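# Notes for the structure review
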Amino acid sequence: MPRLSEVIAALDALWPPASAEDWDAVGTVCGDPDQEVSRVLFAVDPVQEIVDEAVKLDADLLVTHHPLYLRGTTTVAASNFKGRVVHTLIKNDIALHVAHTNADRADPGVSDALAGALDLRVVRPLVQDPADADGRRGLGRVCELDHPLTVREFAARVAERLPATAQGIRVAGDPEALVRTVAVSGGSGDSLFADVRAAGVDAFLTADLRHHPASEARAHSPLALLDAAHWATEWPWCELAAAQLDEISDRHGWDLRVHVSRTVTDPWNSHSPSPGAPN
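Notes on the structure follow. What you are looking at is a predicted structure, and each value in this text was computed from that prediction instead of being measured. (Residues numbered from 1 in each chain as written. Predicted model: local features only at pLDDT ≥ 70, side-chain atom pairs only at ≥ 80, totals over all residues. Heavy atoms only, no water.)

Let us now look at the packing of helix H2 (residues 48-57) against helix H3 (residues 81-91). In contact at an axis separation of 10 Å, H2 and H3 are set at 10 degrees when each is read in the N-to-C sense. In terms of orientation, H2 lies roughly parallel with respect to H3. Two secondary-structure elements touch here, H2 through Gln48, Val51, Asp52 and Val55 and H3 through Phe81, Arg84, Val85, Thr88 and Leu89. Looking at the contact of H2 with H3 residue by residue, the classes come out as 5 nonpolar, 2 polar and 2 charged. (Axes fitted to C-alpha atoms, helices over the stretch in contact; angles between N-to-C directions. Helix = DSSP H or I, 4+ residues; strand = E, 2+ residues; numbered from the N terminus. Parallel < 35°, antiparallel > 145°, perpendicular 65-115°, else oblique. Contact = heavy atoms within 4.5 Å. Nonpolar A, V, L, I, M, F, W, Y, C, P; charged D, E, K, R; others polar.)

With that settled, the discussion passes to the pairing of strand S8 (residues 178-188). On a regular strand, one side chain projects to one face of the sheet and the next to the other, so that they alternate. Note: strand S6 (residues 138-150) against S8, 6 bridges, orientation antiparallel. Its bridge partner lying in S8, cysteine 143 is registered against valine 182. In the sheet, S8 pairs with strand S9 (residues 203-207) via 4 bridges, with the strands oriented parallel. When the bridges of S9 are listed, valine 182 appears paired with alanine 203. Handedness of the β-α-β unit built from S8, helix H7 (residues 193-199) and S9 comes out right-handed. (Pairing = 2+ DSSP bridges. Right-handed = clockwise from strand over helix to strand, strands pointing away.)

All right, on to the sheet that holds strand S3 (residues 61-64) then. Read across the open sheet, the 5 strands follow the order S1-S4-S3-S2-S11; overall the sheet is mixed. Strands at the two margins of the open sheet, each flanked by one partner only, are strand S1 (27-30) and strand S11 (257-260). When strand polarity is set aside, the average angle formed by the axes of neighbouring strands in this sheet is 25 degrees. The pairing of S1 with strand S4 (residues 95-98) spans 3 bridges and is antiparallel.

The biggest cluster of nonpolar side chains holds 52 residues, and the ones touching the most others in it are Trp15, Phe42, Leu61, Leu120 and Trp237. The element contributing the most residues to this core is helix H9 (residues 230-252), with 9 residues. Ignoring sequence-local partners within four residues, the contact set of leucine 61 consists of Leu4, Val7, Ile8, Leu11, Val37, Arg39, Val40, Leu41, Ile94, Ala95, Leu96 and His97. (Core = buried A, V, L, I, M, F, W, Y, C linked by side-chain atoms within 4.5 Å. Buried < 20%, exposed > 50% of the residue type's maximum accessible area, 1.4 Å probe, protein only.)

So, about the pattern of salt bridges. For the structure on display, the rule yields 13 salt bridges. Note that aspartate 146 and arginine 157 form a salt bridge whose closest N and O atoms lie 3.2 Å from each other. Of this pair, aspartate 146 sits in strand S6 while arginine 157 sits in helix H6 (residues 151-161), and the two are 11 residues apart along the sequence. In this structure arginine 157 comes out as buried when scored by relative accessible area, which is 10%. Residue arginine 262 pairs with glutamate 239 through a salt bridge whose shortest N-O separation is 2.8 Å. Residue arginine 262 is found in the segment after S11, and its partner glutamate 239 is found in helix H9; the two are separated by 23 residues along the sequence. A relative accessible area of 54% means that arginine 262 is categorised as exposed. Judged by its relative accessible area of 37%, glutamate 239 falls in the partly exposed class. (Salt bridge = Lys/Arg side-chain N within 4 Å of Asp/Glu carboxyl O.)

Further remarks concern the side chain of serine 111. Position of serine 111 relative to the elements: it lies in helix H5 (residues 110-117). Using a relative accessible area of 4% as the deciding quantity, one classes serine 111 as buried. In terms of polar contacts, serine 111 uses its side chain to reach the backbone amide nitrogen of glycine 186, at 3.3 Å. (Polar contact = N/O pair within 3.5 Å; in protein donor to acceptor, adjacent residues only side chain to side chain.)

The next subject is the sheet that holds S9. With mixed pairing, 6 strands are arranged side by side in an open sheet as S5-S6-S8-S9-S10-S7. For this open sheet the edge positions go to strand S5 (121-128) and strand S7 (170-172), each flanked by a neighbour on one side alone. Between one strand and the next, the sheet's axes are offset by a mean angle of 25 degrees, whatever the strand orientation. Sheet topology places S5 next to S6; 6 bridges connect them, and they run antiparallel. Along S6, the bridge assignment pairs valine 122 with cysteine 143.

As structure tokens, then:
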């Protein structure tokens, strides 16, 4: 079996920590570099439900997309929920490793996985990483559909292919307008509107769209907006990342057992539509 340090080195080669945003907190949160690893669990959120799942699975390593401590901390006391997560991990000899914006920028990365789940052909990054001479890494992806769909049809495809959430898919734009090209960005994407407009696409799929940026984007152009749950747009990366680690394990003869959590950790768990609201 490989040691944790060997597995982490392989993950860092996939998602170099140096490529993360300056404000981000990526890398190994807890774990003994010399401990052996035989079972790995991938998930979006390092919350207690996921940690309990890792314990039940007898995992040695939990890899999440979202950081546990994004803004730092002065305590890991078990009297708060993040401290309980740390205590549970350490008591059960489970390491925690985070790949966040470094996984967003990677090739392939979070937005590639989102595009793949929707059968979109990736053309290029939406925002190219200036450090990548090949022009393959960066935030978001500009994609082409296999054949034109109306906004209504494309939204239905997104709703069908992404994991089910209480929110579903919110849409802004003419439901009958044709979509041939689309920009996708897993996670919160309303800071990318200028890049989306410059890309000249027909639609933009992301999450966490706020009222004012969305309203202004619609005023600028007939761009269709599709707003999915944050968790749902990033979950496909877990399957991609697990497949990547499986391939590495096979190549090195590690015989790792790699799993993907299907626990829905989107914080919204119910939805009550307004009477008479458009559908």
